[in-house]
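Given next are the chains, with one letter for each unit.
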Amino acid sequence: MALAMKKPFTIMLLGAAAAIADENDCYRLTSVPFPKDLKLEISGMAALPGDGMALAIRKGEIWIARGLSRGKPVYKKFASGLHEPLGLAYHKGDLYTVQRTELTRLRDIDNDGQADEYLTHAKGWGVTGNYHEYAYGPAIDKAGNMWVALNCSIGKGSNPNNQWRGWSLRVKPDGSWTPMSGGFRSPSGIGTNLTGDVFATDQQGNWFPTCPLMHLKSGAFHGHADSLPFAQLPGATFKVDGELPENLTVPQAARRIGAYQLPAVWFPYRKVGMSTTDILADSTQGRFGPFAGQLFCGEFTMSFVSRVFLEKVNGEYQGACFRFRDGLDCAALRLQWGTDGSMYIGQSNRGWNSLGTRSYGLQRLQWTGRMPFEIKTMSARCDGFVLTFTRPVDPRTATNLRSYVISSYTYPYHSKYGGEETDIRTLAVKSVILDVANTSVHLKIEGLRAGYVHELHAGGIRDLKGQPLDHREAYYTLNRIPEM
């Protein structure tokens, strides 16, 4: 889950305020009304057929909101008595949610808008009562399996009632499950891309220098030590021999620990958030703007939505993250699409601080139809990066080497809480090649480093009308340098 704010960030707020002015022109943000007596601490969201949305709330209820696109939704309680549901999915006519102790299937047999059956679909992972033992999901993969992500207990060690904490579990349609990957701290977002591959976010803390986006697959170790005792159990998909090495950088740790899989993306701390949450792939086919197929992620502490472009290099995901939409009422905990292509942002800051004027609620983000001016994609090459833009760029500024500033850095791998950027190096942009349509540039860069974040500032770029980019920074996690 999210982390409390630890340092003032006045400068960052000023930058966010400037960005919001541009963001409002392209993406309209409105607050969705709800009854005053409904404490709408949204912890799960699932789109329903028609103009409906199922909303799980932290205190253990599920509500159905209908008529969202009309601006005056009607709410009806669907289920109650659940134990902190932190996710929701609609699958083959039923709702599924993960409680602390089980994955539950909720059925409305008589179609009266209320759940008649609460069925245990899967259970059996460890629960000790530790405050941090959150369970998230489900996310549904391309084969129809459901994935659950479990917090580590944080401080409980190898308690015998603690099995599989900090692991992802894949649940088959018959309810049987298998541990898949381990090494989470608090994976508060779990979702899929458009091809059905499963991803999770985690929280800065011990073993995580900043928030990551991780591809979940069998045999992957994501980095947190508390999950390792369960790697000795039957069914575990990896093992780590001996104690974890410390005082290394994360790329050094990946070379030393065979199972350790570097995140697909690091979200640099404060620059792209402090507490990354939900994952939502853009399946709107252009109704939400020019980012079809990309991922959007919620941010808890700083109350915004970020954007992620992913690509595969040597068969593994990596890519770039960007700021997208600031100025939310509250912490962005869950994201979901409406039938019209609007993004609905479920919010709750229960237990932690967040920016904004409210403690919970629901907001709607709509594309106005005006094309934003953004770095659409940042793709790695053997000699640099290719940037594509959402609008044609001014050739004079796009080919000016001084329009770009790029640096690279990595992070420490250690049991301490968080970690600063380390081994920082400014890189030289040697040349810029602009395509004939004025919509992409190939930056040839000297000194690319595998395993490092490459931070780009493109403050000099202008479009054909002289306007700067809405967001001028991009952060590419270059785990692997392409061969070509």
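These numbers come from a predicted model, not from an experiment. (Residues numbered from 1 in each chain as written. Predicted model: local features only at pLDDT ≥ 70, side-chain atom pairs only at ≥ 80, totals over all residues. Heavy atoms only, no water.)

A. Region of the structure containing the pattern of salt bridges. Summed over the entire model, instances satisfying the criterion amount to 20 salt bridges. In this structure, Arg 449 engages Asp 423 in a salt bridge whose closest nitrogen and oxygen atoms are separated by 3.0 Å. Note that Arg 449 is positioned in the loop between strand S31 (440-446) and strand S32 (452-457) and Asp 423 in strand S30 (residues 422-434), a separation of 26 residues in sequence. In this structure Arg 449 comes out as buried when scored by relative accessible area, which is 9%. When salt bridges with common partners are traced through the structure, they connect Asp 94, Arg 105, Arg 107 and Glu 117 into a single cluster. (Salt bridge = Lys/Arg side-chain N within 4 Å of Asp/Glu carboxyl O. Helix = DSSP H or I, 4+ residues; strand = E, 2+ residues; numbered from the N terminus. Buried < 20%, exposed > 50% of the residue type's maximum accessible area, 1.4 Å probe, protein only.)

B. Fine view of the packing of aromatic side chains. In this structure the tally under the stated criterion is 24 aromatic pairs. Ring geometry for Trp 266 and Tyr 411: centres 5.5 Å apart, planes at 55°, overall tilted. Remark: Tyr 411 occurs in the loop between strand S28 (405-410) and strand S29 (412-413) and Trp 266 occurs in strand S18 (residues 265-267); sequence separation between them is 145 residues. Where Phe 291 meets Phe 296, the ring centres are 6.5 Å apart and the plane angle is 80°; that geometry is what we call edge-to-face. Residue Phe 291 shares its accessibility class with Phe 296, and that shared class is buried. Each residue in the set Trp 164, Trp 167, Trp 207, Phe 221, Phe 238, Tyr 260 and Tyr 413 is aromatic and connected to the rest through ring pairs, giving one cluster. Its end group placed over the ring of Phe 322, Arg 307 keeps NZ or CZ at 4.1 Å from the ring centre. Across from the ring centre of Phe 304, 4.0 Å away, lies the NZ or CZ of Arg 323, which sits over that ring. (Phe/Tyr/Trp six-rings, centres within 6.5 Å; stacked < 30°, edge-to-face > 60°. Lys NZ or Arg CZ within 6 Å of the ring centre and 35° of its normal.)

C. Broad picture of the side chain of Arg 165. Inspection of the secondary structure assignment puts Arg 165 in the loop between strand S11 (146-150) and strand S12 (167-171). No salt bridge is formed by the buried Arg 165. Its closest oppositely charged neighbour is Glu 133, at 4.4 Å. Here the side chain of Arg 165 touches Asn 151 through a polar contact of 3.0 Å, landing on its backbone oxygen. Not counting residues up to four positions away in its chain, the partners in contact with Arg 165 are Trp 125, Gly 126, Val 127, Glu 133, Tyr 134, Leu 150, Asn 151, Cys 152, Ser 153, Ser 227 and Phe 230. (Lys, Arg positive; Asp, Glu negative; His and termini not counted. Polar contact = N/O pair within 3.5 Å; in protein donor to acceptor, adjacent residues only side chain to side chain. Contact = heavy atoms within 4.5 Å.)

D. Inspection of the environment of Thr 101 at higher detail. With respect to the helices and strands, the residue Thr 101 is situated in the loop between strand S7 (94-98) and strand S8 (102-107). Residues Thr 101 and Ala 122, 21 residues apart in the sequence, show an inter-C-alpha distance of 9.0 Å. With residues up to four places along the chain from it excluded, the contact list for Thr 101 reads Lys 123, Gly 124, Trp 125 and Val 127.

E. Examining the pairing of S32 more closely. Counted residue by residue, S32 has 5 buried out of 6 residues, so it is predominantly covered. Bridging between S32 and strand S33 (residues 473-478) involves 6 bridges; their strand directions are antiparallel. Residue pairing for S33: His 454 is matched across the bridge by Tyr 476. (Pairing = 2+ DSSP bridges.)

F. A look at the sheet that holds S12. In spatial order, the strands read S10-S11-S12-S13; together these 4 strands make up an open sheet with antiparallel pairing. Of all the strands in the sheet, the pair left with one neighbour each is strand S10 (135-140) and strand S13 (177-182). Looking at each pair of strands side by side, their axes are set apart by 25° on average, direction ignored. With 4 bridges joining them, S10 and S11 adopt antiparallel strand pairing. Among the inter-strand pairings, Ala 139 is bridged to a residue of S11, identified as Trp 147. (Axes fitted to C-alpha atoms, helices over the stretch in contact; angles between N-to-C directions.)

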